[in-house]
Protein chains: 4
Amino acid sequence: MEARRAILDAAITLISERGYANVTIEAIAASAGVGKTTIYRWWSSKGDLALEAINDRVGEAIDFPDTGDISADLRRQLLEVARLLDGEIGVLFRGIVAEAQSTPTVGAALLDTIIEPRTRACEARLAKAVDDGQLRPDVATRMMVELIYAPLYYRLLFKTDPARPRDIALLLDYTLSGLRPVPATD
Amino acid sequence: MEARRAILDAAITLISERGYANVTIEAIAASAGVGKTTIYRWWSSKGDLALEAINDRVGEAIDFPDTGDISADLRRQLLEVARLLDGEIGVLFRGIVAEAQSTPTVGAALLDTIIEPRTRACEARLAKAVDDGQLRPDVATRMMVELIYAPLYYRLLFKTDPARPRDIALLLDYTLSGLRPVPATD
Amino acid sequence: MEARRAILDAAITLISERGYANVTIEAIAASAGVGKTTIYRWWSSKGDLALEAINDRVGEAIDFPDTGDISADLRRQLLEVARLLDGEIGVLFRGIVAEAQSTPTVGAALLDTIIEPRTRACEARLAKAVDDGQLRPDVATRMMVELIYAPLYYRLLFKTDPARPRDIALLLDYTLSGLRPVPATD
Amino acid sequence: MEARRAILDAAITLISERGYANVTIEAIAASAGVGKTTIYRWWSSKGDLALEAINDRVGEAIDFPDTGDISADLRRQLLEVARLLDGEIGVLFRGIVAEAQSTPTVGAALLDTIIEPRTRACEARLAKAVDDGQLRPDVATRMMVELIYAPLYYRLLFKTDPARPRDIALLLDYTLSGLRPVPATD
DNA sequence: CAGTAACCGAGACGGTACGTCGTGTCTTCTT
DNA sequence: AAGAAGACACGACGTACCGTCTCGGTTACTG
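No experiment lies behind these values; they were computed from the predicted model shown.

1. Description of the overall build of chain A
(1) Moving on: Across its full length, chain A holds 9 helices and 0 strands.
(2) Moving on: Scanning chain A from its N terminus toward the C terminus, one meets helices and strands in the order α-α-α-α-α-α-α-α-α.
(3) Moving on: C-alpha atoms of chain A, sized along the principal axes, occupy 70 × 30 × 30 Å.
(4) Moving on: A burial count over chain A gives 51% of its 186 residues as buried.
(5) Moving on: Partitioning the contacts of chain A with sequence separation of at least 6, the portion at a separation of at least 24 is 64%.
(6) Moving on: Carbon and sulfur atoms make up 53% of the accessible area of chain A, which totals about 8,700 Å².
(7) Moving on: With 22 positive and 27 negative side-chain charges, chain A shows a separation of 4 Å between the mean positions of the two kinds.

So this is what it looks like as C-alpha cells:
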C-alpha cells in the first residue's frame, strides 16, 4: 500500500513539472521506484491515476463558507480555488480536462468525482442565499454555478496567464449583479 | 495543392468520427491517399493541422450582426456558435483545446487564429452597445466577452450533452442583466 | 509433502498437454492448487522440476533384460524406450533436452540423473555380450551405446513423427551388424 | 537492406557469445543499431531469425566430395561438419534445435532448410556407393544417413565437450562396417 | 519540346512508449 | 507452523506511431 502513495506522489510531482502529456507511465514508475505492473494493478490508465492523484491532493477541501453574505463567501471560495489552480493542481487539472475530451471514462469520472460534488455543495449555499433573499429565486442554482465558475475555467484553459485575484473579484461582481433579486419597481 | 485539400478533409472526417486523440497522422495520410511526408511538408504536427482544418471549415464566418438590439444580436450569434460546436467542428475544437493544454505552440495559435479575432469582433459590437447606452460603460468589454462565452465552453468541455438553445438564451439573459446600465437611483 | 506430489503431477500433465516451453511456473502452481513459493521452496527452476518429474515417472524402470541373446535384449529395451518417448514422457524429455542447451545445470543434471545411469546399465549388458563373444571386443562399450541409441534421439528431436517399431528394429540390426565379431577370415 | 545484414551479424555474434536463450530481440536490435520494429518487419520470431542467420553463414556449403571411396568421403564430410558445429554455428544450431522442440514452425523450417537438403545430398552420394558395390543395396539410404549422422548430433546435444575427430572417425568406421555388402557366404 | 525541377506515393528506418506476461522474492493472513 | 494468496521490482515481449529518410514516378515549368 505504500507503493500507491509513492506512485501518487511521483505522478503529481512529474506532471506538475513537465506537464500531463509529457509524462509517461514508465517515467512515473521509475520515479516512484516501482514496476509498471504495480501501476496497472491499481489504475487502468494515466487519466485514472491523475484523477485519483488530484482527489487525493484536494480531498474534501474547499467546503463553502457561510458568513451570511453570499457575495463575500463566494469571493473567498473562488479565490481559494484560483489559488489552487495556479499551482501543481492546476497543471494536473488541465491535463485531466484535456484527457477527458477523448477518453469518455475519464470525462465521466471527472464529472462524478470532482465537478458534481462541488457543484452540489455550491448549489446548497446558493439555495440558502436565495432563501435569504440575496439571490433571485427564479434562476436554477445549477445555472448560477455555471455562470459563476465558467470564467475561471475559461481563463485556465485558454490563457497561459493565471486568473488574478482582482479580475476574479470583478467577474464575480458582474455575474452576481445579474443574479440579485429585482427590486420591486411597482 | 489538391493533396492539401484531401488531407484537410480527411483530417476533419476522421477526427469527427473517432475523436481527436484517436486519429494518427498515419491514418490521415492513408485516408487521404497521401504519403506521410506530404503532411509533414506543410504542417508541423497534428495540432497544427487540426487548427488549419478548423479555420478552413469555419472561415471568416460568424460575423456579428448589428440590428441595434445587443441582446438579440448576441443571442443569434451565440446560438450559431453553439450549433457549430454541436457538430464535426465541436469534436475538432475540443481536441484542439486538449492539445493546447500541453503544446504551447498550439495554445498560442489557438488564441491567435481563433479566440482573439472573434473576441475582438465581439468587443467591437459590445463597445457600440455601450455607446448606445445598452451596456454599462464601466465594465471592460474584454471581460464582458468572457462572461458571455465562458458558459458555452464550460458546457462543451465538461458535459457530454450539448448546450441546448433554451439554456443558452437563459444564460445570456442572466449575464446581460448584470451588464446593463444601473438605473439612476438618485 | 502432498504438495510435492500435486506439483509433480500438475507439471507432467500441463507439459504433456501444452509443451514444455508453453508452461509457466505460475500455471503449474495454479493447477496444483499451490502457491508459487512452495514450488520455489523445493526446485530452483522449471528445468529442475521437470527433471524430477520425469525421473519420478520413469523411476528405476527399464532395467536391461538378459536372455543371453544381446540382439533380442536390445531390441526389447529399445522398443520399450521408444514407447515411453512416444507419450507424455517424450514431450517432457524433449523439453528438458531443449532447456539443457542453454542451462548448464540442467544439462549436467540431465546427464547425471538420466543419461549416465542408463548408459552404465547398458554398458554392463554389452560387456557381458562381449564376453559371450556376441560383440566385438575392440570397440568401447560406451561407443556402442552411442551408436545404438543415437538414432532414437535423432528421430525424437528432429522429426515430428515418432520412431516406428519396425524402423527401430531395422536400425538396431544395421548397427549391430557392424559390431559383431569379425569372423576369422583366414 | 543493410539493416538486415547488421541484424544477422549481430544475432550470430550475440548468440555465440551468450547462448541462444540468453539473447533477447532487444539486445540484437541494440547491438545492430536498429529498431526492434525493423527486426519484426523481416522475421517473425527469434527462431526465424536464427534460422536465417545460420543458413546465411553456412550457405550452400558442405557439398559432398566424391573421390570414389565412400569411406574417405564421408569421413572428410563428417569432420568438416563437426568443425563447424564446434564454433559459433554450433551454439546457434543447438539453440535452434531447442527452439524447434516447442515451436512447430521452427521445427518444420529446421527440417526444410537445413536437415532435408543435406540429407538428400548425402543420400545421392550413398546411392552412388551402393551402385559401386561399396554399400549394401538392401538398406534405405535414408536410414544410412540417420545411422551416420545421429551420433554427431547425440554428442552435440547431450555433451558439453565437442566430438573429437578421432572419435568421429571411429564411430563412422563402426557404422560403415555394418553397412558394407555381406560377402557371399554360400 | 526537352530537361529539370518540384512534388508526390510508398514505406523502410531508429526510436519511444505502450500494456502484458512471467520471473523469483517478499509479506500477509488463514488454518 | 505451514502454506495459499498475491503484491512487488524487474525485464522482455510484440505493437503502434512518431518524425526522418530515401526511393522511383509523375507533372508541369522553363530555357
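2. Regarding the protein's contact with DNA strand F
(1) Moving on: Thr37 of chain A, Lys36 and Tyr40 of chain B together with Lys36 and Tyr40 of chain D are the nearest of the 26 residues found near DNA strand F.
(2) Moving on: Of what DNA strand F places within 4 Å of the protein, 63% of the atoms are sugar or phosphate.
(3) Moving on: Thr38 of chain A is positioned such that a nitrogen or oxygen atom in its side chain is 2.8 Å from a phosphate oxygen of DNA strand F.
(4) Moving on: Residue Gly35 of chain C places a main-chain N or O atom 3.3 Å away from a phosphate oxygen belonging to DNA strand F.
(5) Moving on: Of all elements in the fold, only helix H3 (36-42) of chain A, helix H2 (25-32) and helix H3 (36-42) of chain B, helix H3 (36-42) of chain C together with helix H2 (25-32) and helix H3 (36-42) of chain D reach the threshold of two or more residues within the surface near DNA strand F.

3. Here we look at the interface of chain C and chain D
(1) Moving on: Counting from both sides, the interface comprises 37 residues of chain C and, opposite them, 37 residues of chain D.
(2) Moving on: Roughly 3,300 Å² of surface becomes buried between chain C and chain D when both sides are summed, with 66% attributable to carbon and sulfur atoms.
(3) Moving on: On inspection of chain C and its partner chain D, the count reaches 2 salt bridges.
(4) Moving on: The closest approach of N and O atoms between Glu146 of chain C and Arg155 of chain D, which form a salt bridge, is 2.8 Å.

4. A word on the relation of the copies chain A and chain B
(1) Moving on: Between the two copies, chain A and chain B, the superposition gives an RMSD of 0.1 Å; the rotation angle is 180° and the shift along the axis is 0.0 Å. On the angle and the small slide along the axis, the relation comes out as a two-fold axis.
(2) Moving on: Take the interface residues of chain A: 100% of them recur as interface residues in chain B, which is what a same-surface contact looks like.

5. Description of the nonpolar core
(1) Moving on: Ranked by internal contacts, the top residues of the largest apolar core, which has 134 residues, are Phe93 of chain C together with Phe93 of chain D.
(2) Moving on: For Phe93 of chain D, the residues in contact, after removing those within four places along its chain, are Phe158 of chain C together with Ile54, Leu85, Leu110, Ile114, Ile115, Tyr153 and Leu156 of chain D.
(3) Moving on: The next biggest cluster of nonpolar side chains, apart from the first, holds 132 residues, and it includes Leu110, Tyr149 and Ile168 of chain A together with Leu126 of chain B.

6. Things to note about the relation of the copies chain C and chain D
(1) Moving on: The two copies are related by a screw operation: chain C maps onto chain D through 180° of rotation and 0.0 Å of translation along the axis, at an RMSD of 0.1 Å.
(2) Moving on: Interface overlap between copies: 100% of the residues of chain C at the interface are likewise at the interface in chain D, consistent with a symmetric, same-surface contact.

7. Some remarks on the protein's contact with DNA strand E
(1) Moving on: In the region of DNA strand E, 30 residues are neighbours, and Tyr40 of chain A, Glu26, Lys36 and Tyr40 of chain C together with Thr37 of chain D sit closest.
(2) Moving on: A share of 64% is what sugar and phosphate atoms reach among the atoms of DNA strand E within 4 Å of the protein.
(3) Moving on: Gly35 of chain B places a polar main-chain atom, nitrogen or oxygen, 3.1 Å from a phosphate oxygen of DNA strand E.
(4) Moving on: Contributions of two or more residues to the surface near DNA strand E are made by helix H2 (25-32) and H3 of chain A, H3 of chain B, helix H2 (25-32) and H3 of chain C together with H3 of chain D.
(5) Moving on: Each residue belonging to the surface near DNA strand E can be placed in one class, and the counts come to 12 nonpolar, 12 polar and 6 charged.

8. Quick notes on the side chain of Thr175 of chain D
(1) Moving on: Looking at the secondary structure, you find Thr175 of chain D in helix H9 (residues 165-177).
(2) Moving on: Among all residues touching Thr175 of chain D, those that are not within four sequence positions of it are Leu147 of chain C together with Leu147 and Ile148 of chain D.

9. Some thoughts on the interface of chain A and chain B
(1) Moving on: Taken together, the contact pairs 37 residues of chain A with 37 residues of chain B.
(2) Moving on: Between chain A and chain B, roughly 3,300 Å² of surface is buried when both sides are summed, and carbon and sulfur atoms account for 66% of that area.
(3) Moving on: At the surface where chain A touches chain B, the tally comes to 8 residue pairs in polar contact (both at pLDDT 80 or more).
(4) Moving on: Contributions of two or more residues to the side of chain A that touches chain B are made by helix H6 (88-102), helix H7 (104-131), helix H8 (141-158) and helix H9 (165-177) of chain A.

Rules of the game
- Residues numbered from 1 in each chain as written.
- Chains lettered and ligands numbered in written order.
- Predicted model: local features only at pLDDT ≥ 70, side-chain atom pairs only at ≥ 80, totals over all residues.
- Heavy atoms only, no water.
- Helix = DSSP H or I, 4+ residues; strand = E, 2+ residues; numbered from the N terminus.
- Buried < 20%, exposed > 50% of the residue type's maximum accessible area, 1.4 Å probe, protein only.
- Contact = heavy atoms within 4.5 Å.
- Areas by Shrake-Rupley, 256 points an atom, 1.4 Å probe, with all protein chains shown as cover.
- Lys, Arg positive; Asp, Glu negative; His and termini not counted.
- Charge placed at Lys NZ, Arg CZ, Asp CG, Glu CD.
- Near = heavy atom within 4 Å.
- Polar contact = N/O pair within 3.5 Å; in protein donor to acceptor, adjacent residues only side chain to side chain.
- Buried area = accessible area lost by both parts, 1.4 Å probe.
- Salt bridge = Lys/Arg side-chain N within 4 Å of Asp/Glu carboxyl O.
- Least-squares fit on C-alpha atoms with pLDDT ≥ 70 in both.
- Core = buried A, V, L, I, M, F, W, Y, C linked by side-chain atoms within 4.5 Å.
- Nonpolar A, V, L, I, M, F, W, Y, C, P; charged D, E, K, R; others polar.

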